[in-house]
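# Remarks on the overall topology
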Amino acid sequence: YEHLAAVVGSVKEAKARARALPILSRAELIAAIEADGHDGLRRMCVDPLMLQRGIDYLEAVGDVMSDGRLDVLLLDPVGWFAGFLAHFIRDDGNPPAEVVRGVVSLADVVAALRHEYLAPETQVPEVMALVCNLELCVELSTLERDATGAGRYLFPCLLPAATPHEIALHWPRAAPTAAAAGDLIVRGHRFRAAGAFLPPGVFPSLVARLARLPQGWVHSSRLWKDAAVLHFREAAALLRVNLTEATIDITVAAPADACHFVGAAKGQASAVRWLAHLARQMLARSYAQIDFDECWLSPSP
């Protein structure tokens, strides 16, 4: 496995010299192993299970990032993604003009990476497709289910932190027919990491999963680095991630019990249950090594 890591490292250096994408297909990996000529590694070329174990090892040590839905590996994912984001963060910690609330256009990405790749116009779209599939960012047209967002990408890590004032503008949802705040029906659900540690990537992963929700629920103007407000009919939901307390809170406020329910007549569920299921599936897939305790939140404004 260590020799495999050395082979992959050589491929990464060769791609960097050629100003090529930091992407390695499984076919390319097998070809590199065969070219290396190491007797122990040759078994990986004919044994898919052993090859997958080798890829699992590379992922565990941080050399690559893979996804079961893709046939490619992202080389040096941490270093590459950090360098990628550095193009959109100034030295003073503020994003440059082309970043608006964490949103970057494809044209700005191409311009930023022009000095790194030989043909960014053709290579960058492939990079962005990979980054989206790995849930490091999400295309706005997918998140908001609106064609006007095509060619623009939201990076949750570039969003501003939420403030109580900003959240109050959207949650509980202000509407002429809504009841006073004290009359709202509030329901909630909490996930708490049993080890009192929550990785900073939890919220970006959760935002990527929000793209599965119906049209109108999610909008980039109601997203922050650690919170999101979702609107559906007369109700609104607040998703809040607290890294210090290691919690993920889902709170839904509506003027009546009936407004909490969404979905078809035979598949109705409360928005809290729907969102809790979405978060639970995300945690099971991306953070299976972390145990989470769950509880209902007190139904109080």
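Structure first, text after, so check above.
Residues numbered from 1 in each chain as written. Predicted model: local features only at pLDDT ≥ 70, side-chain atom pairs only at ≥ 80, totals over all residues. Heavy atoms only, no water.

A few words now on the overall build of the protein chain. Looking only at helices and strands, one finds 11 helices and 13 strands in the protein chain. With the C-alpha coordinates aligned to their principal axes, the bounding extent of the protein chain is approximately 70 × 40 × 35 Å. Scored against the burial criterion, the 301 residues of the protein chain give a buried share of 44%. Excluding contacts between residues fewer than 6 apart, the proportion of contacts in the protein chain whose partners are at least 24 apart in sequence is 65%. (Helix = DSSP H or I, 4+ residues; strand = E, 2+ residues; numbered from the N terminus. Buried < 20%, exposed > 50% of the residue type's maximum accessible area, 1.4 Å probe, protein only. Contact = heavy atoms within 4.5 Å.)

The next subject is the pairing of strand 3 (residues 72-75). Relative to strand 3, strand 1 (residues 23-25) runs antiparallel, the two being bridged by three bridges. Bridge pairing links Leu24 to Leu73 in strand 3. Across two bridges, the pairing between strand 2 (residues 64-65) and strand 3 is antiparallel. Residue pairing in the sheet places Val64 in a bridge with Leu75 of strand 3. (Pairing = 2+ DSSP bridges.)

All right, on to the packing of aromatic side chains then. Scanning the model with the defined rule gives eight aromatic pairs in all. Taking the centre distance of 5.2 Å and the plane angle of 55° together, the rings of Trp217 and Trp274 count as tilted. Here Trp274 lies in helix 11 (residues 271-286) and Trp217 lies in the loop between helix 10 (202-210) and strand 8 (227-232), a separation of 57 residues in the sequence. Here Trp217 falls in the buried class, since its relative accessible area comes to 6%. On the basis of relative accessibility, which here comes to 29%, the residue Trp274 falls in the partly exposed class. (Phe/Tyr/Trp six-rings, centres within 6.5 Å; stacked < 30°, edge-to-face > 60°.)

Attention now goes to the pattern of salt bridges. If you walk through the whole model with that rule in mind, you get nine salt bridges. A salt bridge links Asp226 to Arg240; the shortest N-O distance between them is 3.8 Å. Remark: Arg240 occurs in strand 9 (residues 235-242) and Asp226 occurs in the loop between helix 10 and strand 8; sequence separation between them is 14 residues. Assessed through its relative accessible area of 30%, Arg240 is described here as partly exposed. Arg280 is paired through a salt bridge with Glu294; the nearest N and O atoms lie 2.8 Å apart. (Salt bridge = Lys/Arg side-chain N within 4 Å of Asp/Glu carboxyl O.)

This next bit is on the sheet that holds strand 3. Strand pairing in a sheet relies on backbone hydrogen bonds. The paired strands run either parallel or antiparallel. Taken in spatial order, the three strands make up an open sheet running 1-3-2, and their pairing is antiparallel. Looking at which strands have only one partner, the edges of the open sheet turn out to be strand 1 and strand 2. Across the sheet, helix 2 (residues 26-36) lies against strand 1 and strand 3, angled at about 80° from strand 1, the strand it touches most. (Axes fitted to C-alpha atoms, helices over the stretch in contact; angles between N-to-C directions.)

As summarised here, the arrangement of the five strands in space is 8-9-10-7-13, forming an open sheet in which the pairing is antiparallel. For this open sheet the edge positions go to strand 8 and strand 13 (292-297), each flanked by a neighbour on one side alone. Direction aside, the axes of adjacent strands within the sheet are offset by 15° on average. Strand contacts of helix 10: strand 8, strand 9 and strand 10 (247-254), with the helix running at about 20° to strand 8, the strand carrying the most contacts.

Residue Trp171 is joined to Pro172 through a cis peptide bond whose omega torsion reads -10°. Here Arg101, not a glycine, exhibits a phi torsion of approximately 50°, which is positive. Relative to the helices and strands, Arg101 is located in the loop between helix 5 (77-86) and strand 4 (103-105). When its relative accessible area of 28% is taken as the criterion, Arg101 is described as partly exposed. Here Arg233, not a glycine, exhibits a phi torsion of approximately 50°, which is positive. The exposure class of Arg233 is exposed, given its relative accessible area of 55%.

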